[in-house]
There are 2 protein chains.
Amino acid sequence: MDLLDNIAVLIHDAKLDIAMHMTKSLAPYDITPEQAFIIVLLNERDGLSQGEIAFALRKDKSSITRMIVSLETKGIMHRITNSYDRRYFKVSLTDKGKSLATNVIPCISGTIDVLETGFSLEEMNELRRLLIKMRDNMRK
Amino acid sequence: MDLLDNIAVLIHDAKLDIAMHMTKSLAPYDITPEQAFIIVLLNERDGLSQGEIAFALRKDKSSITRMIVSLETKGIMHRITNSYDRRYFKVSLTDKGKSLATNVIPCISGTIDVLETGFSLEEMNELRRLLIKMRDNMRK
DNA sequence: ACCCAATAGTTGATATATCAACTATTGGAA
DNA sequence: TTCCAATAGTTGATATATCAACTATTGGGT
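Residues numbered from 1 in each chain as written. Chains lettered and ligands numbered in written order. Predicted model: local features only at pLDDT ≥ 70, side-chain atom pairs only at ≥ 80, totals over all residues. Heavy atoms only, no water.

Some thoughts on the pattern of salt bridges
Proximity of charged atoms lets side chains of opposite charge pair with each other. Where we set the bar: Whenever Lys or Arg places a side-chain nitrogen within 4 Å of a carboxyl oxygen from Asp or Glu, that contact is recorded as a salt bridge. Secondary structure elements follow DSSP: runs of H or I no shorter than four residues count as helices, runs of E no shorter than two count as strands, and numbering proceeds from the N terminus. For every residue, the accessible area (1.4 Å probe, protein chains only) is compared with the maximum for its type, and the residue is labelled buried under 20%, exposed over 50%, or partly exposed between those bounds.
Going through the model one piece at a time under the given rule, you end up with 18 salt bridges over all chains. Between E123 of chain A and K133 of chain B there is a salt bridge; the shortest N-O distance is 3.1 Å. Residue E123 of chain A is located in helix α6 (residues 121-139), and its partner K133 of chain B is located in helix α6 (residues 121-139); the two belong to separate chains. Residue R135 of chain A is joined to D136 of chain A by a salt bridge in which the shortest nitrogen-to-oxygen separation is 3.7 Å. Taking relative accessible area as the criterion, D136 of chain A reaches 32% and is therefore assigned partly exposed.

Following this line, the structure appears as structure tokens:
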């Protein structure tokens with residue numbers, strides 16, 4: 001087995017190339033892909049808690065804390081303590097954040113469009129199926 | 001288009017699950033997958049320069065500097081200035097590093113074995129083909 | 001021989017990821 | 001009602017990634 005050129009490396013490389021593509025596309029708005037996904041999530045489901053954001057994006061709650069603090073500092077989102085349970089924050093986009101979302105969404109969907117260029121529906125379905133199968137192999 | 005559940009997210013998740021599997025498998029040896037790949041590379045091609053390692057692993061030379069300094073501190077590899085061109089280092093595994101390599105290699109190949117479980121040769125070839133196609137879409 | 005552009009590596013700044021230890025708050029059992 | 005376990009979030013430590021600015025060294029053109 002080639003330890004330096006195999007399916008794991010290929011998946012790693014594809015992920016890297018996708019991230020780089022999104023990074024470039026988002027650069028004019030001075031945000032990272034990670035930040036963009038938080039913005040997109042809140043644009044769809046406003047008022048989530050940090051824990052819910054972490055769960056939705058499969059990230060550690062501590063990463064979410066730091067990213068949201070940084071986005072709050074930039075004036076993109078703000079946190080309100082939930083008055084029914086003061087352990088929670090409800091995180092929301094500011095007006096600036098909502099306006100940013102309209103710019104960010106085409107960046108993400110644009111990358112996905114390029115990604116899928118030249119793929120038939122059958123190829124997309126097959127790729128999805130095989131990736132889910134591999135992912136599940138890793139989770140067992 | 002679903003911005004939070006699409007092929008890019010699936011590739012991201014698969015990469016994450018593979019990394020977590022390798023991390024767990026390597027934990028007894030107190031090294032990370034990134035470190036493991038440097039060890040595997042040097043085990044196959046001893047005496048590479050830091051730039052060559054960076055190129056082979058698609059990493060930034062500054063990341064390689066810091067990782068190798070750390071591995072040198074752990075006594076796993078050492079650097080010798082190339083006497084013909086003193087800008088270069090030749091990086092080599094120490095005896096401890098070579099011995100570690102014999103433990104690390106089965107961890108990596110073990111993860112890949114699990115990853116490929118239940119895949120036919122045709123499925124593997126098709127997955128490879130589709131991932132390369134997507135990767136190339138991102139590189140254009 | 002000298003100078004300059006190219007090359008190898010280092011360092012600093014910033015962003016993210018992971019894990020463990022921590023605080024604050026809550027709700028339920030005794 | 002009091003107390004404890006669970007939950008939400010924060011913080012610190014460590015590892016990696018990226019980019020830009022930096023040093024040291026080299027080799028080629030003049």
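What about the protein's contact with DNA strand D?
What counts, and what does not: The rule for a residue being near a molecule or strand is that one of its heavy atoms must lie within 4 Å of it. Each polar contact in these results corresponds to two N or O atoms within 3.5 Å; when the atoms are within protein, one needs to be able to donate a hydrogen and the other to accept it, and residues that are neighboring in sequence are counted only if both atoms are side-chain atoms. Classification used: nonpolar for Ala, Val, Leu, Ile, Met, Phe, Trp, Tyr, Cys and Pro, charged for Asp, Glu, Lys and Arg, polar for all others including Gly.
Around DNA strand D, the surrounding shell holds 24 residues, and the nearest of these are Q50, G51 and R66 of chain A together with T32 and K59 of chain B. Counting only atoms of DNA strand D within 4 Å of the protein, the fraction found in sugar and phosphate groups is 59%. Note that a phosphate oxygen of DNA strand D is positioned 2.5 Å from one of the backbone N or O atoms of G51 of chain A. When residues of the surface near DNA strand D are traced back to their parent elements, those giving at least two are α3 (50-57) and α4 (61-73) of chain A together with α2 (33-44) and α4 (61-73) of chain B. Its residues assigned to classes, the surface near DNA strand D shows four nonpolar, nine polar and 11 charged.

What to know about the relation of the copies chain B and chain A
This is how it is decided: When the copies are superposed, the least-squares fit draws on C-alpha atoms of residues that have pLDDT of at least 70 in both.
Rotating chain B by 180° and translating it 0.0 Å along the rotation axis places it on chain A, where the RMSD comes to 0.0 Å. In symmetry terms, the pair is related by a two-fold rotation axis.

Considerations on helix α2 (residues 33-44) of chain A
Residues and elements named next belong to chain A. Selection rule: Here, expected helix span is obtained from the residue count minus one, scaled by 1.5 Å. Contact between two residues is taken to exist if any of their heavy atoms lie within 4.5 Å; hydrogens are not considered.
For α2, built from 12 residues, the straight-helix expectation of 16 Å at 1.5 Å per residue is met to within 8% by its first-to-last C-alpha distance of 17 Å. Among the 12 residues in α2, nine count as buried, and that is most of the element. For α2, every residue scored as buried is listed here: P33, Q35, A36, F37, I38, I39, V40, L41 and L42. Of the surrounding secondary structure, the elements contacted by the buried residues of α2 are α1 (7-26), α3, α4, β1 (77-81), β2 (89-93) and α5 (95-115).

Structural notes on the protein's contact with DNA strand C
Near DNA strand C, the surroundings consist of 24 residues, among which T32 and K59 of chain A together with Q50, G51 and R66 of chain B are the closest. Across the atoms of DNA strand C situated within 4 Å of the protein, the share located in sugar and phosphate is 59%. A distance of 3.4 Å is found between a base oxygen of DNA strand C and a side-chain nitrogen or oxygen belonging to R87 of chain A. Split by residue class, the surface near DNA strand C holds four nonpolar, nine polar and 11 charged.

Looking at the environment of R58 of chain A
Tracing the sequence through the fold places R58 of chain A in the loop between α3 and α4. Excluding residues that lie within four positions of it along the chain, R58 of chain A makes contacts with R139 of chain A together with D13, L16, D17 and M20 of chain B. At 2.9 Å, the side chain of R58 of chain A and the side chain of D17 of chain B are in polar contact.

So, the interface of chain B and chain A
To keep things clear, this is the line we draw: The buried area of a pairing is the accessible area, by a 1.4 Å probe, that goes missing from both parts when the two are put together, added over both.
Residue-level contacts link 51 residues of chain B with 51 residues of chain A. Summed over both sides, the interface between chain B and chain A buries roughly 5,200 Å², with carbon and sulfur atoms accounting for 76% of that surface. Scanning the region where chain B abuts chain A turns up 10 salt bridges. In this structure, R58 of chain A and D17 of chain B form a salt bridge, with 2.9 Å as the shortest nitrogen-oxygen distance. There are 16 residue pairs in polar contact (both at pLDDT 80 or more) connecting chain B and chain A. Among the secondary structure elements, those contributing two or more residues to the side of chain B that touches chain A are α1 (7-26), α2, α5 (95-115) and α6 of chain B. Here the side of chain B that touches chain A gets 15 residues from one element, more than from any other, and that element is α6 of chain B.

Some words on the packing of aromatic side chains
For any two aromatic rings, the description comes down to two numbers: the centre-to-centre distance and the angle of the planes. Applicable threshold: Classification of ring pairs rests on two measures: the distance between centres of Phe, Tyr or Trp rings, Trp counted by its six-membered ring, which must be within 6.5 Å, and the angle between planes, read as stacked under 30 degrees, edge-to-face over 60 and tilted in between. We count a charge as sitting over a ring when the NZ of a lysine or the CZ of an arginine lies within 6 Å of the ring centre and within 35 degrees of the ring normal.
For the structure on display, the rule yields zero aromatic pairs over all chains. Over the aromatic face of F119 of chain B sits the side chain of K133 of chain A, whose NZ or CZ is 4.6 Å from the ring centroid.

Describing the packing of α6 of chain A against α1 of chain B
What counts, and what does not: Axis geometry follows a simple rule: fit a line to the C-alpha atoms, using only the stretch in contact for helices, then measure angles between N-to-C directions, giving values from 0 to 180 degrees. When describing relative orientation, an angle under 35 degrees is termed roughly parallel and one over 145 degrees roughly antiparallel, while 65 to 115 degrees is termed roughly perpendicular and anything else oblique. For any pair of crossing helices, the crossing counts as left-handed if the nearer helix is rotated counterclockwise from the farther one by less than a right angle, and right-handed if it is rotated clockwise.
One can describe the packing of α6 of chain A onto α1 of chain B by two numbers: an axis separation of 9 Å at closest approach and a directional angle of 25°. Classified by the angle between their axes, α6 of chain A and α1 of chain B sit roughly parallel to one another. α6 of chain A and α1 of chain B meet at a crossing whose hand is left-handed. Each of M124, L127, R128, L131, I132, R135, M138 and R139 of chain A in α6 of chain A lies in contact with α1 of chain B, whose residues at this interface are I7, L10, I11, D13, A14, D17, I18 and H21 of chain B. In the contact of α6 of chain A with α1 of chain B, the residues fall into 10 nonpolar, one polar and five charged.

A short note on α5 of chain A
Here α5 of chain A spans 31 Å end to end across 21 residues, near enough to the 30 Å set by a 1.5 Å rise per residue. Within α5 of chain A, the full set of buried residues consists of G97, L100, A101, V104, C107, I108, S109, T111, I112 and L115 of chain A. Contact partners of the buried residues in α5 of chain A: α1, α2 and β2 of chain A together with α1 and α6 of chain B.

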